[in-house]
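The lines below spell out each chain.
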Amino acid sequence: MRARDASPILANQFTVSGEMHQEFGSGRDPLGRYYTDPSIGQAFVSLLDRRHASSILDLGSGGGSLTVAAAQRWTDARIQTVDLDFGAEENIRLGMASAGHLAHSHLVADVLDENLPELIGGPLFDLAVCNPPYAKIRWRDGFARILSEAGLADLRAVPAEALPSDIMFLAQILRLAEPGAEVGIIVPDGLISARRSRAVREALLRRVRVMRVVQLPRGSFRGTEAQAHVIVFRNELGRGEDVDISNLGANGVSSPLSISSSAAEARMDYGYYGLRTATTGHRFTLREIHADITRGSLSSSEARECCDPVFHTNGFVQADPLAYRLSRERLGQDRLGRRIAEPGDILLARVDRELHRKVCLVIEGRAVMTDCVYRIRVPAMWRSSVARALMSANGQAALVCASRGVGARMLNKEDLLDLELETA
Ligand SMILES: C[S@@+](CC[C@H](N)C(=O)[O-])C[C@H]1O[C@@H](n2cnc3c(N)ncnc32)[C@H](O)[C@@H]1O
């Protein structure tokens, strides 16, 4: 099936694309064309429970990594794919033909169009698979209707910038899914674990019955190292049920952990809960011990011009990070706003690809800190154990979980304060 006149849709999308800030990868593809690796497509369909499916929907189908895997598992199903990209159409047709699946219709259309159900026509679907684009999108009038018909009207209270394209794709799936339908959708890490997405998780857990969340390995998509997860849910109201979370690794899907619905509202990533259950020492957070966390002040140009010793993320080089020696040179006159590292301070990279490995405890000297570094101050008796906890394997894993970004990672101060650490 084809939209009667798809070209204006495409033109409009590219007009909008100047304002679509892709969060997913550095290539900033305006349509978020980061295709699922076919091996992940196979693993993805095995996460769904339904033994028989009669009609399957794939919004943003691309070249068909998920659709073809679905066609191979549910061989009798009627399959509907939709994508805005004309280029994807031929690939998906070839993929479906090679899978020998003939009951397939493809529509070139904008999934964000409020009239999508009319464009597709026909009955509702009993199964949906989806790997949507992850992009910030400009709010359109039709979105209010999409959200309310999806049963997600609560999300209208969420700031527009917190409603990226993946949520709108999910809402469109709900408009097209029959009651009880099963849905598997690949979502970005931010939706699963970020504090800013909590209201979205709460609304989702009320609106659907989330069965499981599976953390995917990095490198699951071509062209990006972004972290993503699969959410599998049923189109029925959530009633506070527990959610199973697991991890897809080289040995397949790990045994699930069961988390309560209120824990799932806070976050649903296996990386976080899996780590917590593996710990044995005394757990604490920097917030609980009233750590004082300060971000350095110098920008890179100020750092270049600064006459005093400067500490930046490339400074974590000494062999003993628990006995770090800064310069003994006297600093020039203190200027307002300059943030100084001195003995007793724990320093941690705030922005860096390897920030989880960049921690040290200063025992000598002073330096002006750049804005890519955090200074953590805790009472003297805890300094060494806090520094060791941050440097431990669990501490490093917790830092990786808490930091965000593809390539250069960034750690938010609130997330650092709530990081679960463990004494040795
Ligand atoms: C992350 S890719 C996933 C493709 C495929 N499902 C896979 O897993 O490999 C997102 C897909 O959504 C499509 N897309 C992006 N924005 C769209 C929109 N507004 N309407 C329809 N398709 C869109 C892109 O062309 C791309 O094929």
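Residues numbered from 1 in each chain as written. Predicted model: local features only at pLDDT ≥ 70, side-chain atom pairs only at ≥ 80, totals over all residues. Heavy atoms only, no water.

Enquirer: Could you give me a rundown of the overall build of the protein chain, with the residues and numbers involved?
Expert: Along its length, the protein chain carries 15 helices and 22 strands. In summary, the protein chain has a C-alpha radius of gyration of 24 Å against a globular reference of 22 Å for 424 residues, a match within 12%. Projected onto its principal axes, the C-alpha coordinates of the protein chain cover approximately 75 × 45 × 40 Å. The contacts of the protein chain with a sequence gap of at least 6 include a subset with a gap of at least 24, amounting to 73%. Accessible surface, the protein chain as shown: approximately 18,800 Å² in total, 49% of it carbon and sulfur. Computing the positive centroid from 51 side-chain charges and the negative centroid from 52, the protein chain places the two 4 Å apart. (Helix = DSSP H or I, 4+ residues; strand = E, 2+ residues; numbered from the N terminus. Rg over C-alpha atoms; globule rule 2.2 N^0.38 Å. Contact = heavy atoms within 4.5 Å. Areas by Shrake-Rupley, 256 points an atom, 1.4 Å probe, with all protein chains shown as cover. Lys, Arg positive; Asp, Glu negative; His and termini not counted. Charge placed at Lys NZ, Arg CZ, Asp CG, Glu CD.)

Enquirer: Got a sec to walk through the site of the ligand? Specific residues and values, please.
Expert: Lining the immediate surroundings of the ligand are 23 residues, of which Thr36, Gly60, Asp83, Asp110 and Val111 lie closest. Measuring from an oxygen atom of the ligand, one finds a backbone N or O atom of Gly62 at 3.5 Å. The backbone of Val111 places a nitrogen or oxygen atom 2.9 Å from a nitrogen atom of the ligand. For the ligand, the protein covers 99% of the area, taking 590 Å² as the surface of the free molecule. (Near = heavy atom within 4 Å. Polar contact = N/O pair within 3.5 Å; in protein donor to acceptor, adjacent residues only side chain to side chain.)

Enquirer: Please set out the packing of aromatic side chains residue by residue, giving values where relevant.
Expert: Tallying each qualifying case throughout the model produces four aromatic pairs. Among the aromatic residues, ring-to-ring pairing joins Phe311, Phe316 and Tyr324 into one connected group. Just above the ring of Tyr272 sits the side chain of Arg267; from NZ or CZ to the centre is 4.0 Å. (Phe/Tyr/Trp six-rings, centres within 6.5 Å; stacked < 30°, edge-to-face > 60°. Lys NZ or Arg CZ within 6 Å of the ring centre and 35° of its normal.)

Enquirer: I'd like a rundown of the sheet that holds strand β13 (residues 310-311), residues and numbers included.
Expert: With respect to topology, three strands assemble into an open sheet ordered β13-β19-β15, the strand pairing being mixed. Each edge of the sheet is formed by a strand with only one pairing partner; in this case those strands are β13 and β15 (340-341). The pairing of β13 with strand β19 (residues 367-369) spans two bridges and is parallel. When the bridges of β19 are listed, Phe311 appears paired with Met369. (Pairing = 2+ DSSP bridges.)

Enquirer: How would you explain the nonpolar core if you had to name every residue and give the values?
Expert: Counting residues in hydrophobic clusters, the biggest one holds 52 residues, and the most contacted among them are Leu59, Leu155, Ile185, Ile231 and Phe233. Non-local contacts of Phe233, meaning those with residues more than four positions away in its chain, are made with Leu170, Leu174, Ala181, Glu182, Val183, Ile185, Val208, Arg209, Val210 and Met211. Tyr324, Ile346, Val362 and Tyr374 belong to the second largest nonpolar core, which has 37 residues in total. (Core = buried A, V, L, I, M, F, W, Y, C linked by side-chain atoms within 4.5 Å. Buried < 20%, exposed > 50% of the residue type's maximum accessible area, 1.4 Å probe, protein only.)

Enquirer: Describe in detail unusual backbone geometry, supporting the description with residues and values.
Expert: Backbone geometry places His290, a non-glycine residue, at a positive phi of 55°. Relative to the helices and strands, His290 resides in the loop between β11 (283-284) and β12 (292-295).

Enquirer: An account of the side chain of Arg338 is needed here, citing residue identities and associated values.
Expert: Mapped onto the elements of the fold, Arg338 is located in the loop between β14 (324-325) and β15. Polar side-chain contacts of Arg338 include one of 2.8 Å to the side chain of Asp308. Contact partners of Arg338, with chain neighbours within four places excluded, come to Ser297, Cys306, Asp308, Leu331, Gly332, Gln333 and Val368.

Enquirer: An account of the packing of helix α6 (residues 142-149) against helix α7 (residues 165-176) is requested, with residue identities and associated values reported.
Expert: α7 packs onto α6 with a crossing angle of 55° between their chain directions and a minimal axis gap of 8 Å. Considering their axes alone, α6 and α7 lie oblique with respect to each other. In terms of crossing hand, the pair formed by α6 and α7 is left-handed. Residues Phe143, Arg145, Ile146, Leu147 and Glu149 of α6 pack against Met168, Ala171, Gln172 and Arg175 of α7. Class assignment of the residues belonging to the contact of α6 with α7 gives a composition of five nonpolar, one polar and three charged. (Axes fitted to C-alpha atoms, helices over the stretch in contact; angles between N-to-C directions. Parallel < 35°, antiparallel > 145°, perpendicular 65-115°, else oblique. Left-handed = near helix turned anticlockwise from the far one by under 90°. Nonpolar A, V, L, I, M, F, W, Y, C, P; charged D, E, K, R; others polar.)

Enquirer: Describe the pairing of strand β4 (residues 125-130), listing the residues and the values that go with them.
Expert: Buried residues dominate β4, accounting for six of its six residues. Relative to strand β5 (residues 177-188), β4 runs parallel, the two sharing five bridges. Residue Cys130 lies in a different strand from β5, and its bridge partner there is Ile185.

Enquirer: Summarise the domain arrangement of the protein chain; cite the residues concerned and give the values.
Expert: Splitting the protein chain by domain gives domain 1 (7-272) and domain 2 (284-422). For domain 1 and domain 2, the distance between their C-alpha centroids amounts to 38 Å. Counting residues at the interface gives 16 residues for domain 1, matched by nine residues for domain 2. Taken together, the two surfaces of domain 1 and domain 2 that pack against each other cover about 800 Å², and 42% of this comes from carbon and sulfur. If you sort the residues of domain 1 by the area they bury against domain 2, Arg195, Arg218 and Tyr272 come out on top, with a joint share of 50%. In this assembly, domain 1 and domain 2 are joined by three salt bridges. Taken together, the connections running from domain 1 to domain 2 amount to four residue pairs in polar contact (both at pLDDT 80 or more). Of all the secondary structure elements, the ones that give two or more residues to the side of domain 1 that touches domain 2 are α8 (189-193) and α11 (270-278). At three residues, α8 tops the list of elements feeding residues into the side of domain 1 that touches domain 2. (Domains from an automatic or database assignment. Buried area = accessible area lost by both parts, 1.4 Å probe. Salt bridge = Lys/Arg side-chain N within 4 Å of Asp/Glu carboxyl O.)

Enquirer: Give a description of the pattern of salt bridges that names residues and reports values.
Expert: Pairs can form between side chains of opposite charge whenever their charged atoms are close. In total, this model carries 28 salt bridges according to the counting rule given. With a closest N to O distance of 3.2 Å, Asp189 and Arg404 form a salt bridge. Placement of Asp189 in helix α8 and of Arg404 in the loop between α14 (393-402) and β21 (409-410) is noted, with a sequence separation of 215 residues between them. Judged by its relative accessible area of 14%, Asp189 is buried.

Enquirer: Any chance you could break down the sheet that holds strand β20 (residues 373-377) for me, citing the residues and the numbers?
Expert: One open sheet holds the five strands; their spatial order is β12-β20-β16-β18-β14, and the pairing between them is mixed. Because the sheet does not close on itself, it has two edges, and the strands there are β12 and β14. The pairing of β14 with strand β18 (residues 359-364) spans two bridges and is classified as parallel. Residue pairing in the sheet places Arg325 in a bridge with Glu364 of β18. Where helix α13 (residues 380-391) meets the sheet, it contacts β16 (346-349), β18 and β20, and its direction lies at approximately 150° from that of β18.

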